[in-house]
Amino acid sequence: MKIFYLIKEGFKNIWTNRMMSLASVIVLVSCLIITGAASLISVNVTSLISKIGDDDQITVYLDYEMNDLDSIKLGQQLGRISNIDSYSFYSRDEAIQKYKEVLGNIYESMQDDGNPFGNAYKVKLKDLSKYKQTVDRIKKIKGVTSVSDRSDIANKLTKLNYFVTIVGSWVVLILALVTLFIISNTIKMTMYSRGHEISIMKSVGATNSFIRVPFIIEAMVIGLLSGVISAGVICAVYTPVRDMTSGIIGFIGESTFTVEQIMIPTFIVMSVIGLLIGIIGGYISIARYLRKEGGDILDW
Amino acid sequence: MIHLENVSKVYPNGTEALKNISLDINKGEFVFIVGPSGAGKSTFLKLLIREEKASFGKIKVSGYDLMKIRRRKIPYLRRKMGIVFQDFRLIAKMNVYDNTAFAMRVIGSPERAIKKRVKEVLRQVGLEGKEKRKPGEISGGEQQRVSLARALVNKPEMIIADEPTGNIDPELSFDIMKLLVDINKAGTTVIIVTHEHELVKEFGGRIITIEDGEIKSDENYPTKYHNKKTETEEDKK
Ligand SMILES: Nc1ncnc2c1ncn2[C@@H]1O[C@H](COP(=O)(O)OP(=O)(O)OP(=O)(O)O)[C@@H](O)[C@H]1O
Ligand SMILES: [Mg+2]
């Protein structure tokens, strides 16, 4: 009975203060979308990195002119290096095939005649700490033109990820400050009607928890609503954005998450964050009225 | 019911609003508190409702020791009193019925009991038929009646009113006072702070004069309306 009344009051408050509710929702939604977008970029980049930097493989590129037979013979020399755990032949045909898949559209545009790749070996090391010495030894083998490990790209992406995280955190921080400013101002604006109501509630003997509940429910609903809206917006634009970026760089398509994969977690996380922001924000804004002693009834 | 012993109130800024006050108010009394502006009248009421805590002395109200009461208990102290304000303190978006029912909802009364009791109280203060009006759609005198209905709805032991007629026309003030007398006759203690000497003279009862934070006089005067009404009621019998 009592709780239904309180919940009803909470919803009524939202409607009565609809301009402020709307303002809060807009601010929260923009904040959540940016945070969410940054997190999703970060998650996807991390996934890219882990796919690319998959195991500790390094690629040993052989002289472009070297024929297949000589290339296979070279493998025995690799086998003699003690720190090499295993090695496998990676023919130029395989390489071009893979490249086509990965680059997609870009490949089409830069297509010319012939295979630009030489043969190569994929090599796995036993002890990664001796990486440098081992690479040096591999390079000394006649016919080896270069050694590249996939972690090069991984390193670059890690940097990108770091960048996204840093920029994202700053944006979120600035937005959080803006949110705080706007919310505290809207609260100030509605302080009169709120303070009035609270002073009346106190005068008729309402307990603090009773006074708090409608305000918290109001803030919770606003937070939850903002979370759901943000998640909806993010999921709606996710696939187009993903398609666009993978149109430019092919392997983004295969190494990132699909909207089906991120949808449920996004909705859950966004709703929970929105809800929490609502509860905490509501709690803080109401606390100052409840903690006040003196000047809260007759003097109000 | 109310017991003050050597009570002083010093505000944080150093103002000594009440100095060494001692008095008792018994159940069923009809009390006016008068005195010049800044004398400490409102401060006295604030101590009773525990909006402010006394700096020194002893205060007991409705069985609660206000010097020791825990914060969580203060709402329960306030449920024993109905507070009436000079500015009515009605909620603009609620109609007369809901403003009155508010005090019962706040303490978690069941809706059915609320319906019955609110109807009763609105009849008592003469607001039957105006349940659906908003505060902005009724006169100041009627708004004060709503405020009175809200104060009464939980059947408090006492009514505490700070200048209840301060914002309404003199003719209407008289009616409000009469209502307070009727409430008092039903057994509720009534404490009224007022500036209006005419009314005080007219209604009588116990008159406590506070000046400069001290009790200057505390006397009982004939209560014309109390007697008259009682008489007429007895006549009827
Ligand atoms: N919160 C406060 N902080 C500091 N001083 C205060 C506070 N409230 C009241 N005072 C001072 O205490 C004294 C008594 O104030 P109080 O409000 O009790 O007077 P009053 O008798 O109700 O006056 P009025 O008839 O004008 O309402 C005054 O000097 C006033 O300025
Ligand atoms: Mg006063």
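In this text the structure is predicted, and so the values were computed from the model without any measurement.

(A) Expanded view of the overall build of chain B. If you tally the helices and strands in chain B, you get eight helices and ten strands. For chain B, the spread of C-alpha atoms along the three principal axes comes to 50 × 45 × 35 Å. Expressed as a percentage of the 237 residues in chain B, the buried residues total 52%. Put simply, of all contacts in chain B between residues at least 6 apart along the chain, 68% involve residues at least 24 apart.

(B) Representation of the sheet that holds strand 7 (residues 158-162) of chain B within the structure. Residues and elements named next belong to chain B. Taken in spatial order, the six strands make up an open sheet running 6-7-8-3-9-10, and their pairing is mixed. Because the sheet does not close on itself, it has two edges, and the strands there are strand 6 (81-84) and strand 10 (214-221). Put simply, the sheet's adjacent strands are angled 15° from each other on average, direction ignored. Sheet analysis places strand 3 (residues 30-34) next to strand 8 (residues 189-193), joined by four bridges and oriented parallel. When the bridges of strand 8 are listed, F30 appears paired with V190. Helix 5 (residues 140-152) contacts strand 6 and strand 7 of the sheet and is inclined by roughly 165° relative to strand 6.

(C) The arrangement of the packing of helix 3 (residues 96-106) of chain B against helix 4 (residues 111-124) of chain B in detail. All names here are of chain B. At their nearest, the axes of helix 3 and helix 4 sit 9 Å apart, and the two run at 125° to each other. In terms of axis orientation, helix 3 runs oblique to helix 4. Where helix 3 crosses over helix 4, the handedness of that crossing is right-handed. Facing helix 3, whose interface residues are V96, Y97, T100, A101, M104 and R105, helix 4 presents E111, A113, I114, K115, R117, V118 and L122. Class assignment for the residues of the contact of helix 3 with helix 4 results in eight nonpolar, one polar and four charged.

(D) Structural detail: the state of the cysteines. Residue and element names in this part refer to chain A. Evaluated as defined, the whole model comprises zero disulfides over all chains. With no disulfide of its own, C31 lies closest to C235 among cysteine sulfurs, the gap being 18 Å. Under the relative-accessibility criterion, C31 is labelled buried at 12%.

(E) Layout of the interface of chain A and chain B. Across the contact, 28 residues belong to chain A and 28 residues belong to chain B. Here chain A and chain B share an interface that buries about 2,500 Å² over both sides, 57% of which is from carbon and sulfur atoms. Where chain A touches chain B, the interface holds three residue pairs in polar contact (both at pLDDT 80 or more). Among the secondary structure elements, those contributing two or more residues to the side of chain A that touches chain B are helix 1 (2-16), helix 7 (151-203) and helix 10 (259-291) of chain A. Residue contributions to the side of chain A that touches chain B peak at seven residues, all from helix 7 of chain A.

(F) Local environment of the site of ligand 1. All names here are of chain B. The immediate surroundings of ligand 1 are formed by 15 residues, with S37, G38, K41, S42 and T43 found nearest. Y11 places a polar side-chain atom, nitrogen or oxygen, 3.5 Å from a nitrogen atom of ligand 1. Note that an oxygen atom of ligand 1 is positioned 2.7 Å from one of the side-chain N or O atoms of K41. Among the elements that take part in the shell around ligand 1, helix 1 (residues 41-48) stands out by supplying four residues, more than any other. Partitioned by chemical class, the residues of the shell around ligand 1 number four nonpolar, eight polar and three charged.

(G) A nonpolar patch on the surface, seen in detail. All names here are of chain A. A contiguous nonpolar patch, built from M263, I264, I268, V272, L276, I280, Y283 and I284 and spanning about 780 Å² of accessible area, is present on the exposed surface. Along the chain, the position of M263 falls in helix 10. Classification of M263 by relative accessible area gives partly exposed; the value is 36%.

(H) Structural detail: the pattern of salt bridges. All names here are of chain B. Inspection of every chain in the model, using the stated rule, returns 15 salt bridges over all chains. We note a salt bridge from R206 to E29, for which the minimum N-O separation is 3.0 Å. Here E29 lies in the loop between strand 2 (16-25) and strand 3 and R206 lies in strand 9 (residues 205-211), a separation of 177 residues in the sequence. Like R206, the residue E29 is buried in the burial classification.

(I) Quick look at the pairing of strand 8 of chain B. Residues and elements named next belong to chain B. Taken across its five residues, strand 8 has five buried, putting it largely inside the fold. Two elements, strand 7 and strand 8, share five bridges in a ladder whose sense is parallel. Counted as the bridge partner of M158 is T189 from strand 8. Traced from strand 7 through helix 6 (residues 170-185) to strand 8, the parallel crossover comes out right-handed.

Criteria and cut-off values
Residues numbered from 1 in each chain as written. Chains lettered and ligands numbered in written order. Predicted model: local features only at pLDDT ≥ 70, side-chain atom pairs only at ≥ 80, totals over all residues. Heavy atoms only, no water. Helix = DSSP H or I, 4+ residues; strand = E, 2+ residues; numbered from the N terminus. Buried < 20%, exposed > 50% of the residue type's maximum accessible area, 1.4 Å probe, protein only. Contact = heavy atoms within 4.5 Å. Pairing = 2+ DSSP bridges. Axes fitted to C-alpha atoms, helices over the stretch in contact; angles between N-to-C directions. Parallel < 35°, antiparallel > 145°, perpendicular 65-115°, else oblique. Left-handed = near helix turned anticlockwise from the far one by under 90°. Nonpolar A, V, L, I, M, F, W, Y, C, P; charged D, E, K, R; others polar. Disulfide = S-S within 2.5 Å. Buried area = accessible area lost by both parts, 1.4 Å probe. Polar contact = N/O pair within 3.5 Å; in protein donor to acceptor, adjacent residues only side chain to side chain. Near = heavy atom within 4 Å. Patch = residues over 30% accessible without salt bridge, like charges linked within 9 Å, V, L, I, M, F, W, Y side chains within 5 Å. Areas by Shrake-Rupley, 256 points an atom, 1.4 Å probe, with all protein chains shown as cover. Salt bridge = Lys/Arg side-chain N within 4 Å of Asp/Glu carboxyl O. Right-handed = clockwise from strand over helix to strand, strands pointing away.

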